[in-house]
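Inside the fold
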Amino acid sequence: MSRTHPAPARALLAASSLALCPHALHAQEPVALEPIVVSGGLTPIAAEKYGRAYSVVTAQDLEDRQTTYAVDALRALPGVEVSRTGGFGGLTQVRLRGAEGNHTLVLIDGVEVSAPEQGEFDFGGLLAADIERIEVLRGPQSALYGANALGGVISITTRRAREPGLRWSGEGEVGTDGTGAVQAAVRGLGETGSFSLSLARRETEGFDVSGTPGGEADGDRNLTFNGRGEIFAADWLTLGATLRVTDRHSDLDGSLFAAPTEAALVYDDASAHDRTEALGSLYAIAELGRLRSELRAAYLHADDSNTLNGVKTTDTSSTRLQLSAQATVGLDAASLAAADHSLTGKVEYERESFVANDPALVFDPSQLDEQTRGLYGLAAEYRGTFLEALDLQLGLRHDINDAFEDATTWSAGASYRIAATGTRLHASAGTAVQNPTMFEQFGFTPGQWQGNPNLEPEESFGWDVGVEQRLWDDRLVVDVTWFNQDLKNEIGTVYLAPAFTVGTPVNQPGTSERQGIEVASTLYATDWMTLGLSYTWLDAEESTGLVEVRRPEHELGGYVTFSFLDDRARVTLDGRYVAGNRDLDYRAPYAPGARVALDDYVVVNVAASWAMTEQAEIYGRVTNALDADYEEVHGFATQGIAAYAGLRVRF
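Residues numbered from 1 in each chain as written. Predicted model: local features only at pLDDT ≥ 70, side-chain atom pairs only at ≥ 80, totals over all residues. Heavy atoms only, no water.

Some remarks on the pattern of salt bridges
- Applying the stated criterion across every chain, the model contains 44 salt bridges.
- Here Arg-167 makes a salt bridge to Glu-163, at a shortest N to O gap of 3.1 Å.
- In this structure, Glu-173 engages Arg-621 in a salt bridge whose closest nitrogen and oxygen atoms are separated by 2.8 Å. One end of the pair, Glu-173, is in strand S10 (residues 165–175); the other, Arg-621, is in strand S34 (residues 616–623), and 448 residues separate them in sequence.
- A cluster of three or more residues bridged by salt bridges with shared partners is formed by Glu-100, Glu-490, Arg-514, Glu-548 and Arg-551. (Salt bridge = Lys/Arg side-chain N within 4 Å of Asp/Glu carboxyl O. Helix = DSSP H or I, 4+ residues; strand = E, 2+ residues; numbered from the N terminus.)

Shown next, in the form of structure tokens:
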């Protein structure tokens, strides 16, 4: 699914770069732009100049595969490991290059969405509806994005108005396990501004994730609203805002520590999780000659609760406020677009909070105290092009923490193009830090989990080198990358004497080592057939030498898309092969560090669509078409073969 887009696909990516200059749309002037990586630095960067490893998933990719949850678009990307606890809506973690789930920084329209208390984003509630683009940046990114970007960054951009006038769209779908979904959107673009509004509702009765014979199905309900708008205040000034609200309810099952049998690890009960999440931003972008400046304010508020048999067992709230200002100057030309050398500076402030809301649901009154923390960040990025073939990106950041030692991180990337052979060499290196989560710092659950205010941030150094080769007039693109990344001060858990029932986080001695190979290729075989192949080999070990869990050693993904009837009909087959996955072995007698090998598996999906008219399209898909029986997390069942069908209209 990872594509390095050659000339035939550049139109798909060119639209994304209009974020730099939205007036190009309403002016209705021809636009010819090279592919870019929108989140590749403090400002977007041309893909051929970018030295770091990345993957892009476009709206067309999502539509071809009829992806409903965004995480399913990430599974086959190189360097990405996904684990979901059972069914739709279950806790879903995404790891990059063998790092932890909370080492992945996740952005939606530039707003950080990771949970402040856990430092991690649960992908189980992220619908693919209304997503324009997903960018995955692999390797340490703290020099540009600060803490929590130790493993990499996943940046998601939602759809905006792309054509002048008013456009409407709608979609409805039904399927296996009592699944139903509807979504609607309206977008408009004019001389003075643009707007986009969408609403998606998806509900499924699901299946029993405990795998208990006759067990109750575990369903998921998700309602997501997304809105964004821009005002073209002047030829040089754009004012904008984004808003996203998600309300979700996910049925769960219980899990048993030191279960007597494998079947008892996850048991059928009436647990559930509810989350309401609102996030938004305000921004101003000014472009005058060689100078581009941006002001941005972003805010996240989330309410979480867990229930058992309809009775609440937890009730918490968390927030994150971010304020930033940055400016970019072209150093060697009168306009930024014409400059071969540029310098960007950024200043940022962030404040996080977490609190338990209900006195009846805490073990100790201290849990009702709101905990807050903040940091200031100063960052700079230089970019330069030399001899029209060598491009450099250098980043430096200093974080001033109110609770931890201040940190300075750096990054460097290089891309060298050999035009005569279609070869591009790329390499990067950098450092990263990961601040302890609020849960690790403050604890919140006396009698079970004790915080450790003396924790030090985790630290990492990583590098990668790769080669991208283009053949047959760019119809075949192959990219191979070797990476290596070390982690120090990794945070783990120890249990306190005398009863050894209370856990606390500590910085572990030694170094955790991760290395591997990432391969991505795309072949535009004919005008009607496209093939893609990706592969990851990963060797990830803890500082003790034990293999890291939920990080498969081998992942192979592939797809083929056929288009026919003048591109009105499309069929896509995609599949994944996963081998060498391990998980913690919680069966009795429990031994800390014990691992269990999960079975290798193959999952195949088939999707087809037919545009009956320019306005109406029918589609259908079969997921897990071979009805594979497999696990991503030990003890949790996964969905068998399932089928869906729907209708999509645009006008």
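So that's the structure; there's more coming.
Looking at the side chain of Arg-97
- When you line up the elements, Arg-97 lands in the loop between strand S5 (92–96) and strand S6 (104–108).
- Using a relative accessible area of 2% as the deciding quantity, one classes Arg-97 as buried.
- Separated by 3.1 Å, the side chains of Arg-97 and Asp-464 make a polar contact.
- Apart from residues no more than four positions distant in its own chain, Arg-97 is found in contact with Ala-53, Gly-79, Glu-81, Arg-138, Gly-139, Asp-464, Thr-481, Phe-483, Arg-514, Glu-518 and Leu-538. (Buried < 20%, exposed > 50% of the residue type's maximum accessible area, 1.4 Å probe, protein only. Polar contact = N/O pair within 3.5 Å; in protein donor to acceptor, adjacent residues only side chain to side chain. Contact = heavy atoms within 4.5 Å.)

Here we look at empty space enclosed by the protein
- Taken as a whole and judged by the stated rule, the model has 13 cavities of 30 Å³ or more.
- Approximately 630 Å³ is the volume attributed to the second largest cavity.
- Around the second largest cavity sit 36 residues that line it, and Asp-72, Arg-75, Val-603, Asn-605 and Thr-623 are the ones nearest its centre.
- Elements that contribute at least two residues to the lining of the second largest cavity include exactly strand S12 (193–207), strand S29 (554–564), strand S30 (569–579), strand S33 (601–611) and S34.
- Among the elements that make up the lining of the second largest cavity, the one with the highest residue count is S33 (4 residues). (1 Å grid on protein atoms, 1.4 Å probe; cavity = no way out; pocket = protein on both sides within 12 Å on 5 of 7 lines; lining within 4 Å. Points joined across faces, edges and corners; volume = space filled by probe spheres on them.)

Regarding the sheet that holds strand S9 (residues 152–158)
- Pairing within the open sheet is mixed, and its 5 strands lie in the order S3-S8-S9-S6-S7. Each end of this open sheet is capped by a strand with a single partner; those strands are strand S3 (53–58) and strand S7 (111–112).
- Relative to S9, strand S8 (residues 131–138) runs antiparallel, the two being bridged by 7 bridges. Each residue of the ladder has a partner; that of Arg-133, found in S9, is Thr-157. (Pairing = 2+ DSSP bridges.)

Focus on a negative patch on the surface
- On the surface, a cluster of negative charge is contributed by Glu-405, Asp-406, Glu-456 and Glu-459.
- Note that Asp-406 resides in the loop between strand S20 (390–401) and strand S21 (407–418). (Patch = residues over 30% accessible without salt bridge, like charges linked within 9 Å, V, L, I, M, F, W, Y side chains within 5 Å. Areas by Shrake-Rupley, 256 points an atom, 1.4 Å probe, with all protein chains shown as cover. Lys, Arg positive; Asp, Glu negative; His and termini not counted. Charge placed at Lys NZ, Arg CZ, Asp CG, Glu CD.)

Concerning the side chain of Ser-198
- Relative to the helices and strands, Ser-198 is located in strand S12.
- Residue classification places Ser-198 among the buried positions, given a relative accessible area of 9%.
- A polar atom in the side chain of Ser-198 sits 2.9 Å from the side chain of Asp-130.

Notes on the nonpolar core
- Ranked by size, the top nonpolar core spans 33 residues in total, and within it Leu-74, Val-94, Phe-123, Ile-134 and Ile-154 carry the most contacts.
- For this core, the elements supplying multiple residues, two or more each, are strand S4 (80–84), S5, S6, S8, S9, strand S16 (291–308) and strand S35 (642–650).
- In terms of residues, this core owes the most to one element, S8, which gives 3 residues.
- Ranked by size, the runner-up nonpolar core spans 14 residues in total, among them Leu-107, Leu-137, Ala-149 and Val-153. (Core = buried A, V, L, I, M, F, W, Y, C linked by side-chain atoms within 4.5 Å.)

Examining the environment of Thr-613
- Secondary-structure assignment places Thr-613 in the loop between S33 and S34.
- Sequence-wise, Thr-613 and Ala-594 are 19 residues apart; in three dimensions their C-alpha atoms are separated by 58 Å.
- A distance of 3.0 Å separates a polar side-chain atom of Thr-613 from the backbone nitrogen of Ala-616.

Considering the environment of Ser-609
- With respect to the helices, strands and loops of the structure, Ser-609 is situated in strand S33.
- Remark: the alpha-carbon pair of Ser-609 and Pro-44, spanning 565 residues in sequence, is separated by 33 Å.
- Residues contacting Ser-609, with those up to four places away along its chain left out, are Gln-66, Arg-568, Ala-569, Arg-570, Glu-617, Ile-618 and Tyr-619.
- Here Glu-617 takes part through its side chain, which lies 3.4 Å from a polar atom of the side chain of Ser-609.

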